[in-house]
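The primary structure of each chain is shown beneath.
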Amino acid sequence: MSQIENLLKYQQVDEKLLAIEKEVAGSQERKNYITTKNFLTQAPDKLAAYEAKAQRMESQVAALEKTYNELAETLEDFNNIDELIEEGGDIAFYKKNVLQIMDQLRNIKNEIASMQKSIEAAGKEYQEFKKKTIQMQNLYNNEYQPKYKAYKNARNEEMKVIKDQLDEIAKTIDPVGMKKYMERRNERIFPVLCPIKVVNKEPRCSKCGMGFPISSLEKIKSGGVVECDYCRRILYTE
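About the thresholds
Residues numbered from 1 in each chain as written. Predicted model: local features only at pLDDT ≥ 70, side-chain atom pairs only at ≥ 80, totals over all residues. Heavy atoms only, no water. Helix = DSSP H or I, 4+ residues; strand = E, 2+ residues; numbered from the N terminus. Buried < 20%, exposed > 50% of the residue type's maximum accessible area, 1.4 Å probe, protein only. Contact = heavy atoms within 4.5 Å. Areas by Shrake-Rupley, 256 points an atom, 1.4 Å probe, with all protein chains shown as cover. pLDDT = per-residue confidence, 0-100. Expected span 1.5 Å × (residues − 1). Bend = angle between axes of the 7 residues up to and from the residue. Salt bridge = Lys/Arg side-chain N within 4 Å of Asp/Glu carboxyl O. Pairing = 2+ DSSP bridges.

Colleague: Just checking my understanding: could you explain the overall build of the chain for this structure?
Modeller: What the chain contains, in helices and strands, is 6 helices and 4 strands. Counting helices and strands in the order they occur from the N terminus, the chain gives α-α-α-α-α-β-β-α-β-β. Counting the 238 residues in the chain, one finds 32% classified as buried. Pairs at least 24 residues apart make up 69% of the contacts formed inside the chain by residues separated by at least 6 positions. A total of about 16,000 Å² of accessible surface is found on the chain, and carbon and sulfur atoms cover 50% of it.

Below is the structure:
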């Protein structure tokens, strides 16, 4: 049996393995497992981000309250405005300052109220996310992880039988040819081997349609391996 024939035999069995791998990758058991695992992996960072956000807003409120109190103290200085006027102070100047301070106090008070609402909303969001994290943890531990593990173990038994067959066939294949095949397989190129089709007396890859020199046909006939320059598949004549 020629090198190409052995590789074709290997590919035929390998196709069964690939089909199972695709089924496992697309299974609902795996999707549930991966979704919850990714969620739980990211959850600590998200919870920490919620806490950091709340702390930042609380610091901002504290800074606003400090400014508010300082302005309120400044406003108290104008309680003795009559004395200031008697000493020759400009009433228009004092009145303008009082109005400006009162306006600032009103704005700061509104900003504090808005920030407090934001803190309450962030706290509620934090609690909801924390509750969801606990739910996802329970699903992962008690349902999704055990189900996926059982499903994967069952499919692994099927794949082991096929892999044993592949190991036996691989013993009949030249190491260089086997290496080329596995490189393509690992790059998710499948089928790895494709027949040559002749269009208007010009040999072409049957998969991508790209042509190649006729001289390559002689190499294939003599047992050599020719690769498509475009899709990198191994070509053979039927």
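Colleague: Looking at this structure, I do not really get the confidence of the model for the chain. What am I missing?
Modeller: Low-pLDDT stretches of the model should not have their predicted coordinates read in fine detail. In the predicted model, the chain carries a mean pLDDT of 87, and 88% of its residues have values of at least 70. Averaged pLDDT values over the elements of the chain bottom out at 53 in helix H3 (residues 81-86) and peak at 94 in helix H1 (residues 3-25).

Colleague: Would you mind showing me how to read helix H2 (residues 28-76) here?
Modeller: Structural remark: α-helix, 3.6 residues per turn; residues separated by three or four positions point the same way. Its 49 residues place the ends of H2 69 Å apart at the C-alpha level, agreeing with the 72 Å of an ideal helix rising 1.5 Å per residue. For H2, the principal kink sits at alanine 43 and spans about 40 degrees; a proline, proline 44, occurs within the next four residues. Taken together, the buried positions of H2 are occupied by Tyr33, Thr36, Phe39, Leu40, Ala43, Leu47, Tyr50, Ala54, Met57, Val61, Leu64 and Leu71.

Colleague: Which parts of the structure should I look at to understand unusual backbone geometry?
Modeller: Excluding glycine, a negative phi dihedral is what most residues carry, and trans is how most peptide bonds are arranged. A cis amide bond links phenylalanine 190 to the next residue, proline 191, at an omega of 0 degrees. Examined against the element boundaries, proline 191 turns out to sit in the loop between helix H5 (175-186) and strand S1 (193-199). Not every positive phi belongs to a glycine, and arginine 188 is a case in point at roughly 65 degrees. For arginine 188, a relative accessible area of 79% corresponds to the exposed category. The backbone of arginine 232 sits at a positive phi, close to 65 degrees, despite the residue not being glycine. In this fold, arginine 232 is placed in the loop between strand S3 (226-227) and strand S4 (234-236). Arginine 232 gets classed as partly exposed once you look at its relative accessible area, which sits at 32%.

Colleague: Just to check I follow, could you spell out the pattern of salt bridges for this structure?
Modeller: Close approach of charged atoms lets side chains of opposite charge pair. As enumerated under the stated definition, the model contains 13 salt bridges in all. Note that glutamate 23 is salt-bridged to arginine 155, the shortest N-O span being 2.8 Å. Remark: arginine 155 occurs in helix H4 (residues 91-170) and glutamate 23 occurs in helix H1; sequence separation between them is 132 residues. Given the relative accessible area of 11%, arginine 155 is considered buried. The closest approach of N and O atoms between aspartate 103 and arginine 106, which form a salt bridge, is 3.1 Å. Placement of both aspartate 103 and arginine 106 in helix H4 is noted, with a separation of 3 residues, approximately one turn of the helix.

Colleague: Where do I start with the sheet that holds S1 in this structure?
Modeller: Each strand in a sheet pairs with its neighbour through backbone hydrogen bonds, running either in the same direction (parallel) or in the opposite one (antiparallel). An order of S2-S1-S4-S3 is seen for the 4 strands of this open sheet, with the pairing classed as mixed. Because the sheet does not close on itself, it has two edges, and the strands there are strand S2 (202-205) and S3. As paired elements, S1 and S4 share 3 bridges and run parallel to each other. The residue of S4 that forms the bridge with cysteine 194 is leucine 235.

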